[in-house]
Amino acid sequence: MSWKPSAASADRLRAKLDDEFETVAKPEGLRRTSDARREADAAGQGSNDAPPDQWQRSSEMRAAGRKGASGRYGSRAGSAREGEASGRDPSGRDPSGGEPSGGDPSGGDPSGGGPSDPPRKAKAPPKGPSLKMRAVGYLSRREHAREELARKLAPHAEDPAEVDTVLDALEKEGWLSTERFAQSLVHRRASRQGAARIVQELRQHGVDDNQVAELREQLRATEYDRALEVWKRKFDAKPEDRAAYAKQARFLASRGFAHDVIRRILGAGDDE
């Protein structure tokens, strides 16, 4: 008579064999999952009892997780492939070690052009007063001849033509007059100097020869009186000997007085 196991004995034997198979063939995580499923089956709450909407939410969550992962890693992979094709690093840096290709650190044109030219500095205005203001300053102190004023303005002018332009304007406006300068010079020198020295100074300042000749005649007409006044202020006594005579004669001659005027003042010396 053969022995047949009961239904309860068969279930226990099957469960034991399943446990042994799962222990040998499945990893630890799968074994825990099998144990949990078996406990749920024993309690009558298997995975088939879960409501359909819960299954749908679980599926959507898993799909969203797979899509996000593929999007992140896919975009990085795409950037890497694009960088390899263009010969540059995906981060935008030059593989040779230079700056990122997105911009030029030197401030150049990012479209490929060279660095922009620096702005040119505006030409600084000349320091100090203008030529005309300098000229007016000189003329306000005393009269000047045209050549004399031109010599004073030349170091402050960049172009000699500028000096001529300023002098022409001053003459037109009445600030500059060589004739007035000549008259002023004669007036300032006549009481101390003779005609010869004053005429020499007038010519040095570029006074016209015709005006010089006219002024010389005027000076010669008053030469004796002017020389006498100069001699009186210095000596006021006739020379007693030849040394005194020579001394007084040299003094008057150095002032520019004529020799005939000197003899009239000092008298005829022994060495005439």
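Residues numbered from 1 in each chain as written. Predicted model: local features only at pLDDT ≥ 70, side-chain atom pairs only at ≥ 80, totals over all residues. Heavy atoms only, no water.

Under an unreviewed UniProt entry, the protein chain has the name Regulatory protein RecX and belongs to Achromobacter deleyi. Here is the UniProt Subcellular location (unreviewed entry) comment for the protein chain, exactly as written: "Cytoplasm". UniProt, in its Sequence similarities (unreviewed entry) section for the protein chain, records the words "Belongs to the RecX family." (UniProt positions renumbered as here; feature names shortened; annotations may be inferred.)

As a further point, take the pattern of salt bridges. Opposite charge on two side chains permits them to pair, given that their charged atoms come into close proximity. The final tally for this structure, using the stated rule, is eight salt bridges. With a shortest N-O distance of 2.9 Å, Arg146 and Asp168 are connected by a salt bridge. A residue pair is termed long-range when its members are at least 10 positions apart, and Arg146 in helix H5 (residues 146–153) and Asp168 in helix H6 (residues 160–173) qualify at 22 residues. Relative accessible area serves as the criterion here: at 23%, Arg146 is assigned to the partly exposed category. Classification of Asp168 as partly exposed rests on a relative accessible area of 41%. With its nearest N and O atoms 3.0 Å apart, the salt bridge here joins Arg146 to Glu171. (Salt bridge = Lys/Arg side-chain N within 4 Å of Asp/Glu carboxyl O. Helix = DSSP H or I, 4+ residues; strand = E, 2+ residues; numbered from the N terminus. Buried < 20%, exposed > 50% of the residue type's maximum accessible area, 1.4 Å probe, protein only.)

Attention now moves to helix H8 (residues 195–204). Because the α-helix completes a turn every 3.6 residues, residues three or four places apart line up on one side. Taken together, the buried positions of H8 are occupied by Ala195, Ile198, Val199, Glu201 and Leu202. The buried residues of H8 occupy an angular sector of 160° when projected down its axis, which confines them to one face. Exposed positions of H8 whose direction lies more than 90 degrees from the buried face are Ala196 and Gln204. (Arc of directions from axis to C-beta.)

Here we take up the packing of helix H7 (residues 178–189) against H8. As a packed pair, H7 and H8 sit with axes 10 Å apart at the nearest point and diverge in direction by 150°. Taken together, the axes of H7 and H8 lie roughly antiparallel to each other. As H7 packs across H8, the resulting crossing turns out to be right-handed. Residues Ala182, Leu185, Val186 and Arg189 of H7 form the contact with H8, whose own contacting residues are Ile198, Glu201 and Leu202. (Axes fitted to C-alpha atoms, helices over the stretch in contact; angles between N-to-C directions. Parallel < 35°, antiparallel > 145°, perpendicular 65-115°, else oblique. Left-handed = near helix turned anticlockwise from the far one by under 90°. Contact = heavy atoms within 4.5 Å.)

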